[in-house]
Each structure stands twice: as C-alpha cells, then as structure tokens.
Amino acid sequence: IKAVGAVAADAECYDTFQPFFDQLLAHCHGEEVLSMQHGFCPARSVSALEPVDVVSCHLRISRNLKDMPFVPHMQRADRTEVEQRIVSTLLGHGAYYPLAGSTSFKAKPYGMDASEEKML
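Everything numeric here is computed off the predicted structure, so don't read it as measured data.

J.: Could you clarify how one ought to interpret the overall build of the protein in this entry?
T.: The secondary structure content of the protein amounts to four helices and zero strands. Mapped in sequence order, the helices and strands of the protein form the string α-α-α-α. Split into buried and exposed, the 120 residues of the protein put 19% on the buried side. Taking as baseline every contact in the protein between residues at least 6 positions apart, the subset at least 24 positions apart corresponds to 15%. Summed over all atoms, the accessible surface of the protein reaches about 10500 Å², with 57% contributed by carbon and sulfur.

J.: I keep staring at helix H2 (residues 18-29) and nothing clicks. Help me out?
T.: Spacing of three or four residues puts side chains on the same side of an α-helix, whose turn is 3.6 residues. For H2, built from 12 residues, the straight-helix expectation of 16 Å at 1.5 Å per residue is met to within 8% by its first-to-last C-alpha distance of 16 Å. Of the residues one or two after H2, Gly30 is the one with positive phi, at around 95°.

J.: Would you explain unusual backbone geometry in this entry?
T.: Even without glycine at this site, Asp67 takes up a positive phi of about 70°. Structurally, the position occupied by Asp67 is in the loop between H2 and helix H3 (76-90). The class of Asp67 is exposed, set by a relative accessible area of 67%.

J.: Looking at this structure, I do not really get H3. What am I missing?
T.: The end-to-end C-alpha separation of H3 is 21 Å, in line with the 21 Å expected for 15 residues at 1.5 Å each. When H3 is considered as a whole, its buried residues turn out to be Asp78, Val82, Glu83 and Val87. All buried residues of H3 project into a common sector of 165° when viewed along the axis, lining one side. For H3, the exposed residues lying more than 90 degrees away from the buried face are Ala77 and Ser88. Looking one or two places after H3, you find Gly92, whose phi comes out positive at around 100°.

How each quantity is defined
Residues numbered from 1 in each chain as written. Predicted model: local features only at pLDDT ≥ 70, side-chain atom pairs only at ≥ 80, totals over all residues. Heavy atoms only, no water. Helix = DSSP H or I, 4+ residues; strand = E, 2+ residues; numbered from the N terminus. Buried < 20%, exposed > 50% of the residue type's maximum accessible area, 1.4 Å probe, protein only. Contact = heavy atoms within 4.5 Å. Areas by Shrake-Rupley, 256 points an atom, 1.4 Å probe, with all protein chains shown as cover. Expected span 1.5 Å × (residues − 1). Arc of directions from axis to C-beta.

See the structure below:
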C-alpha cells in the first residue's frame, strides 16, 4: 500500500508551508500539477478510468467554518461554537440529538436520552 498525507492546522498553513505542500504535490502527482488551476477536469474524472485501474478508492473532504481553526487546532470552546452555529442554522429542518452525556447544547444539557439513542 502506498499512501501519503499531510494535515494543515488552519487555512494560513497552506500559505506558510506552501513550499512543503508544493513539493509533496509534485512528488505524488508530477510537477505539472503545480501550474494547474483548481476545477473540474473531465479527462481526469473517475468515469475516464477503466474498471481494471481501480481496486479501491476512499476520499474524504472536509472544510471548517470561516473564521474557525481547523479541527487539529481547535479548543473545546471552538468546538462548542461550531456546534452552536450548525445547530442554529439547521434547526427547523429536523431534530438535533447531541451525544449522550454532552453538556455543550443548552436545550439538552445532558445530551440525548437512552430512548433517543436507541431510536437512532
């Protein structure tokens, strides 16, 4: 198995450590990727691959909220603020069930109860 990865603790890291990320990208994908623009490229899409080319694929993409640190750099207060922002945006579109024992959501100070946990 060949794998490589790097995590930036916040958005500024991509600028601060650009030489590192550029070198990593060039090593893994070739120098030409450094001059490519972001965006969809049909020639490099999954549909362009032959079934025999792919054995397994896993893709994870995440992005933090603007003005919040990336997860590796978050403090408890940051995580609570993220939870509050997301809940306030999504309430009205369904129910929110904080984890059992969670104390960060004031409307449910001890998180979901046993019956809610069983239901989910």
